[in-house]
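Architecture and fold: a report
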Amino acid sequence: MNQENSKIRLGVNVDHVATLRNARGTVYPDPLKMALMLEKLGVNGITAHLREDRRHIIDQDVVNLVNNIKLPINLEMAATQEMQSIALELVPHAVCLVPERREERTTEGGLDIISTEKELKAYITPLLEKSIKVSIFVSAELEQIEAASRIGAPVVELNTGSFCDFFSQNRVEEYSNEMTKLKKAASRAKQLDLEVHGGHGISYDTARLVAAIPQIQELNIGHFLISESIFQGMSAVISKMRHEIDFGQKSYMGS
Ligand code: PXP
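All values derive from a computational prediction rather than experimental measurement. (Residues numbered from 1 in each chain as written. Predicted model: local features only at pLDDT ≥ 70, side-chain atom pairs only at ≥ 80, totals over all residues. Heavy atoms only, no water.)

This part takes up the site of the ligand. Close to the ligand lie 14 residues; Glu76, Glu157, Gly201, Gly222 and His223 are nearest. In this structure, an oxygen atom belonging to the ligand sits 3.3 Å away from a side-chain N or O atom of asparagine 13. Within the backbone of glycine 222, one N or O atom sits 2.8 Å away from an oxygen atom of the ligand. A total of 400 Å² of accessible area belongs to the ligand in isolation, and the protein chains cover 94% of it. In terms of residue class, the shell around the ligand is built from three nonpolar, eight polar and three charged. (Near = heavy atom within 4 Å. Polar contact = N/O pair within 3.5 Å; in protein donor to acceptor, adjacent residues only side chain to side chain. Areas by Shrake-Rupley, 256 points an atom, 1.4 Å probe, with all protein chains shown as cover. Nonpolar A, V, L, I, M, F, W, Y, C, P; charged D, E, K, R; others polar.)

The following block contains the structure:
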C-alpha cells in the first residue's frame, strides 16, 4: 500500500450531475441524491466545485452536501474573497484551491502559487484556523510544490490532466514525460511532508497508472465516472474504479 499503508481514497466529483440539471433548468438530477448514493457505494469523499459563474454546482448544493453527507466534503474553489467567506461559513472538511477562468471549459493548469505566495499564505490562514484541510491544485512542477509547502498548505493535488489527455491520444512519449514529472513532484511533496492527491481527466486506464505513484493518497474523479454511469450504472462504475485503483496501488508493492 502507500506510505500510510492504507488504500488510496476515492473522492467523487458530482459537478456534472448539476451540469445535467442546469441544462434544463429543472430540479433534477440532484447532486445530493448522487452523493447519498455514492456514500452507500463506499466511496471516501465527495467533491464539488463552486465556480464563480455557478455553471454547475450552486450555493444551495454545497449547503445540502455539507448538511447531509457524512463523508468528507472537498470544496473546490478559486481563491476569491467570496469563496473564502462561503468556506468559512460552511466549514467543509477540505478546500481545494484551483485557478479559474470564466472562458475555460474545465480547470486548466494548476494554481501559480509562486506569483501570489504572500497573498495565498494570508488567504489560507483563516481556513486552516477553522481546521479546514487546505489543498492546492498544482501542476507537477517542483517549484510550485515547494511554494505550497512554504505557505503552509498541508496538501497538494497534482494536476493529472495533461498526462490523461496524452494517454487518451496514445501520445506515448508525451504521457511518459508527464508521468515522470508527476512521480518527481509526488516524491518531492512527500519529502516536504505534504499529503499528495491527484485529479483531473482520470479514467479507468489512467487511474491504474496514477495509483501506482507511491505517494498518492487520494484521487478525485468526476467527469469520467458520471459519464460511464449513464451506461453502466454508478454501482458498477464505482466497483470497477475501486478495482483499478487498488490494482495500480498494489503494482509498486511487488505483491
Ligand atoms: N480535481 C480538481 C482540482 C478539479 O478541478 C477537477 C475538475 O473539477 C477534478 C479533480 C475532477 O476532474 P474530472 O472531472 O476531469 O475527473
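The rest of the description comes next.
In an α-helix, one turn spans 3.6 residues; hence positions three or four apart end up facing the same way. Burial in helix 9 (residues 204-211) covers these residues: Tyr204, Thr206, Ala207, Val210 and Ala211. Projection of helix 9 onto a plane perpendicular to its axis shows the buried side chains occupying an angular sector of 160°, all on one side. (Buried < 20%, exposed > 50% of the residue type's maximum accessible area, 1.4 Å probe, protein only. Helix = DSSP H or I, 4+ residues; strand = E, 2+ residues; numbered from the N terminus. Arc of directions from axis to C-beta.)

On to the pairing of strand 3 (residues 73-77). Across the five residues that make up strand 3, a large majority, five, are buried. Here strand 3 shows two buried faces, one formed by Ile73, Leu75 and Met77 and the other by Asn74 and Glu76. As judged from the four bridges shared by strand 2 (residues 45-49) and strand 3, these two strands associate in the parallel manner. In the strand pairing of strand 3, isoleucine 46 is matched with isoleucine 73. Two elements, strand 3 and strand 4 (residues 94-97), share four bridges in a ladder whose sense is parallel. Within strand 4, the residue paired with glutamate 76 across the bridge is cysteine 96. (Pairing = 2+ DSSP bridges.)

Let us look at unusual backbone geometry. Here tyrosine 28 and proline 29 are connected by a cis peptide whose omega angle stands at -5°. Mapping proline 29 onto the fold places it in the loop between helix 1 (15-24) and helix 2 (31-40). Although it is not a glycine, serine 131 adopts a positive phi angle of roughly 65°. Take serine 131: it is sitting in the loop between helix 5 (117-129) and strand 5 (133-138). The class for serine 131 is exposed, based on a relative accessible area of 62%.

The sheet built from eight strands closes into a barrel, its strands ordered 1-2-3-4-5-6-7-8 with parallel pairing. Each strand of the sheet is rotated relative to its neighbour by a mean of 25°, with strand direction disregarded. Strands in contact with helix 5 are strand 3, strand 4 and strand 5; relative to strand 4, the strand with the most contacts, it is inclined by about 165°. (Axes fitted to C-alpha atoms, helices over the stretch in contact; angles between N-to-C directions. Contact = heavy atoms within 4.5 Å.)

Of note, isoleucine 124 is situated in helix 5. Note: C-alpha distance between isoleucine 124 and threonine 19 (105 residues apart in sequence) is 29 Å. Setting aside chain neighbours within four positions, we find isoleucine 124 in contact with Leu97, Val134, Ile151, Gly152 and Ala153.

Both faces of strand 4 are covered, namely the face carrying Ala94 and Cys96 and the face carrying Val95 and Leu97. For the crossover from strand 3 across helix 4 (residues 81-90) to strand 4, the handedness is right-handed. With four bridges joining them, strand 4 and strand 5 adopt parallel strand pairing. Across the sheet, residue valine 95 finds its bridge partner in strand 5, namely valine 134. (Right-handed = clockwise from strand over helix to strand, strands pointing away.)

Secondary-structure assignment places isoleucine 113 in the loop between strand 4 and helix 5. Along the sequence, isoleucine 113 and glycine 201 sit 88 residues apart, while their C-alpha atoms lie 22 Å from each other. The contact partners of isoleucine 113, leaving out residues within four places of it in the chain, are Leu120, Ile136, Val138, Gln144, Ala147, Ala148 and Ile151.

To continue, consider the packing of helix 10 (residues 223-232) against helix 11 (residues 234-251). Two elements in contact, helix 10 and helix 11, have axes separated by 7 Å at closest approach and are oriented at 130°. Our classification of the angle between helix 10 and helix 11 gives oblique. Crossing geometry of helix 10 relative to helix 11 is assigned as right-handed. Residue-level contacts link Phe224, Leu225, Ile226, Glu228, Ser229 and Gln232 of helix 10 to Met234, Ala236, Val237, Ile238 and Met241 of helix 11. (Parallel < 35°, antiparallel > 145°, perpendicular 65-115°, else oblique. Left-handed = near helix turned anticlockwise from the far one by under 90°.)

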